[in-house]
Amino acid sequence: MTMKRSSHLFHLHLGLVFAILLGSGCARSDRDAGGKDGAAVASKSSRVVLQNKGSDTLVNVAQAWADAYRDVKPGVAVAVTGGGSGTGISALLNGTVDIANSSRAMKEREMEMARSKGIEPIEHVAGFDALAVYLHPGNPLAEMSIEQLKAIYGEGGSLERWSQLGVEVPGCSSDEIVRISRQNNSGTYAYFKKTVLGKQGEYKLGSRDMHGSKDVVELVAATPCAIGYSGLAYANDHIKMPCIKNGTEAACVAPSVETAIDRSYPIARPLFLYTSGQPTGALKEYLDWILSDVGQCLILKKGYAPVKPAADCA
Amino acid sequence: MEVSKVKLADRRTANWWIDKAVAVLVFVGGFSAVVLILGIFLFITREGVGFLVGDEFDLVEFFGSPKWRPTSDNNPTYGALALIVGTASVTGLAMLVAVPFSLGAAIYISEFATGRTKELLKVLVELLAAIPSVVWGFIGLSIMNPLIIELFDVPIGLNVLNSGVILGLMAAPIMTTLAEDALKAVPDSYREAAEAMGATRWQVSFRVALPAARHGLVAAILLGVGRGFGETMAVLMASGHSINLPSSPFDSVRALTATIAAELGETAVGSDHYQALFTLGILLFVVTFAINLAADVFVRRSDRA
């Protein structure tokens, strides 16, 4: 009896451990075979499905576009998935999506990889985002500089305690700065690293790496000692956003759609849509519609800055 | 001649075919486990070996450095030390929680409980084993996190303590069931002999049943360790997912499994990062394989005893 049960468990066990590995590996190669060119798949009823994947920052906007576009072109369906900018870009390289959403520009290494696979990624700027720094609402700190952020997040940075910034945070008796960051494939992670930590900069090890913008905001809201960063659109009433200044002399600018549009906010970034080669047909129509006034008003409604500030959204 | 022909035709009835089909099915079923294990092993080795033999891999760095920075632009590093220590510390704490609980429960169910209590407890323990790990992770995130912050006055409750307790509670039901089986396998004649000599219930349990079942109990614990090593979702949610060499149970850590789960979906197939994650997979496979093998050896010994 004992033996039977344990050998049964033994197999079950190894299965469990590697189900993840197999799962992601196999699923991917299956889809590889399906749409090598990432071309829009037309089914029998000539309904076109556009696959759209990537940035967590953009996922809400992308979903709003997809929903609204259903009324514009009933024959075209857009399937939206999040997961991070890295996910979208690798899916584009693997040929499984039509549009990759990204909150960072493609890296040189990814470009090379794309070319070696015969893909020429085309970049489309869909809007702008102010990358907000989040604090617990009880944190008295009202302004922060890029240098301070670098000393908190960057390797070799000296800031470890809130008292070093001259504040005492209620509910945070340990005084420790709890750094909340993102998983290493996130576009937000990469943009923050490049802009705040500098080109050669690395993150200090030991940050809590969350798997989505929403998780960052929720954890900061629940943790008095915490500091985090995410897209402005994820802001809510349970967190606080300090204004950011670039250099000690510069004016401190609060993150908002307006300051993202006029680029006065120091960590505002463009949001990209990547396609494989110049878009044609239904894909081109969809991208044109996104950049039209209707599409740009939707991105504004979701808390991001449109490409053209003039868009009149009633 | 005539007789044997009739006999042959007689034998190939529907039942004969069903019998044959079931025999083949059982054989294929039994063999499939071997094929699958080999297949999985070949698959992860094929995906990960490119990294192991490539320029990026450095044995000293892999096992000796905590710097896991696979997506760095300038200088990607692949140090898995913090991940290995993270998994080991969470599993270690989980066993501190699970071993007393599960052995206590197994001894009570097997030696003390009777009748309906015994049956009810067995069903409940097996039900507890069926709770999905993501639900455990959710408990860690939303109940344990504020509780730990409140109780211990630490800045964040997603840490070794949280994930260790969650993992201990997850592993305990399986360990209880296995340990109870081991105790049940001790022949009743042992207990009867002890009782005949005037031993109390307590003495029978601790001086007769437990020593006689010790190999099975060790196997139960080892399988619990294996469960802890391989668990992903709950640990991903409750550990804080932070690359860190822990110095206290209140430090956040990151597990090997959680790293694979969080990063594999986002890497380009065939890249160094992708292969490095499969190398972590090979490491996990080897460790769980060794643990399970050891458990199997112990079970065999207890059967012979």
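For the structure given in this document, a descriptive report is provided here. (Residues numbered from 1 in each chain as written. Chains lettered and ligands numbered in written order. Predicted model: local features only at pLDDT ≥ 70, side-chain atom pairs only at ≥ 80, totals over all residues. Heavy atoms only, no water.)

Another aspect to go through is the overall build of chain A. Scanning chain A from N- to C-terminus turns up ten helices and eleven strands. By residue count, 55% of the 314 residues in chain A fall in the buried class. For chain A, the proportion of contacts with a sequence separation of at least 24, taken over those separated by at least 6, is 74%. Looking at chain A as shown, the accessible area adds up to about 13,200 Å², and 55% of this sits on carbon and sulfur atoms. (Helix = DSSP H or I, 4+ residues; strand = E, 2+ residues; numbered from the N terminus. Buried < 20%, exposed > 50% of the residue type's maximum accessible area, 1.4 Å probe, protein only. Contact = heavy atoms within 4.5 Å. Areas by Shrake-Rupley, 256 points an atom, 1.4 Å probe, with all protein chains shown as cover.)

All right, on to the pattern of salt bridges then. Residue and element names in this part refer to chain B. If you walk through the whole model with that rule in mind, you get 20 salt bridges over all chains. Salt-bridge contacts for Lys122 lead to Glu180; the nearest nitrogen and oxygen are separated by 3.9 Å. One end of the pair, Lys122, is in helix α5 (residues 115–128); the other, Glu180, is in helix α7 (residues 160–184), and 58 residues separate them in sequence. (Salt bridge = Lys/Arg side-chain N within 4 Å of Asp/Glu carboxyl O.)

Moving on to α7(B). Residue and element names in this part refer to chain B. Counted at 1.5 Å a residue, the expected span for α7 with its 25 residues is 36 Å, and the 34 Å between its end C-alpha atoms agrees. The sharpest bend along α7 comes to roughly 30°, located at Ala172, with the proline Pro173 sitting one to four residues further on. Across the 25 residues of α7, 23 count as buried, placing the element largely inside the fold. (Expected span 1.5 Å × (residues − 1). Bend = angle between axes of the 7 residues up to and from the residue.)

Facing 64 residues of chain B, the contacting portion of chain A comprises 53 residues. Between chain B and chain A the total buried area reaches about 5,000 Å² when both faces are included, carbon and sulfur atoms providing 59% of it. Area buried by chain B at its contact with chain A is led by Arg69(B), Pro155(B) and Glu266(B), which between them contribute 15% of it. The salt bridge involving Lys67(B) is made with Glu155(A); its shortest N-O contact spans 4.0 Å. At the boundary of chain B with chain A, the tally comes to 13 residue pairs in polar contact (both at pLDDT 80 or more). When its residues are assigned to classes, the side of chain B that touches chain A shows 31 nonpolar, 21 polar and twelve charged. (Buried area = accessible area lost by both parts, 1.4 Å probe. Polar contact = N/O pair within 3.5 Å; in protein donor to acceptor, adjacent residues only side chain to side chain. Nonpolar A, V, L, I, M, F, W, Y, C, P; charged D, E, K, R; others polar.)

Residue and element names in this part refer to chain B. Among the structural elements, Glu47 can be located in helix α2 (residues 14–53). The class for Glu47 is buried, based on a relative accessible area of 12%. In contact with Glu47, not counting residues within four places along its chain, are Tyr274, Gln275 and Phe278.

Counting through the fold element by element, His238(A) comes out in the loop between β9 (226–231) and β10 (243–245). Apart from residues lying up to four places away in sequence, His238(A) is in contact with Pro137(A) and Ala221(A).

It is worth spelling out unusual backbone geometry at this point. Of note, the phi angle at Asp175(A) is positive, near 70°, even though the residue is not glycine. With a relative accessible area of 17%, Asp175(A) lands in the buried category. Look at Asp153(B): it is not a glycine, yet its phi comes out positive at around 55°. Looking at the element boundaries, Asp153(B) is found in the loop between α6 (133–152) and α7.

So, on to the packing of helix α4 (residues 81–112) of chain B against α5(B). Residues and elements named next belong to chain B. Packing of α4 against α5 brings their axes to within 9 Å, and their N-to-C directions diverge by 150°. The pairing of α4 with α5 is recorded here as roughly antiparallel in orientation. Note on packing geometry: the crossing formed by α4 with α5 is left-handed. Here Tyr108, Ile109 and Ser110 of α4 come into contact with α5, specifically with Thr117, Lys118, Leu121, Lys122 and Val125. (Axes fitted to C-alpha atoms, helices over the stretch in contact; angles between N-to-C directions. Parallel < 35°, antiparallel > 145°, perpendicular 65-115°, else oblique. Left-handed = near helix turned anticlockwise from the far one by under 90°.)

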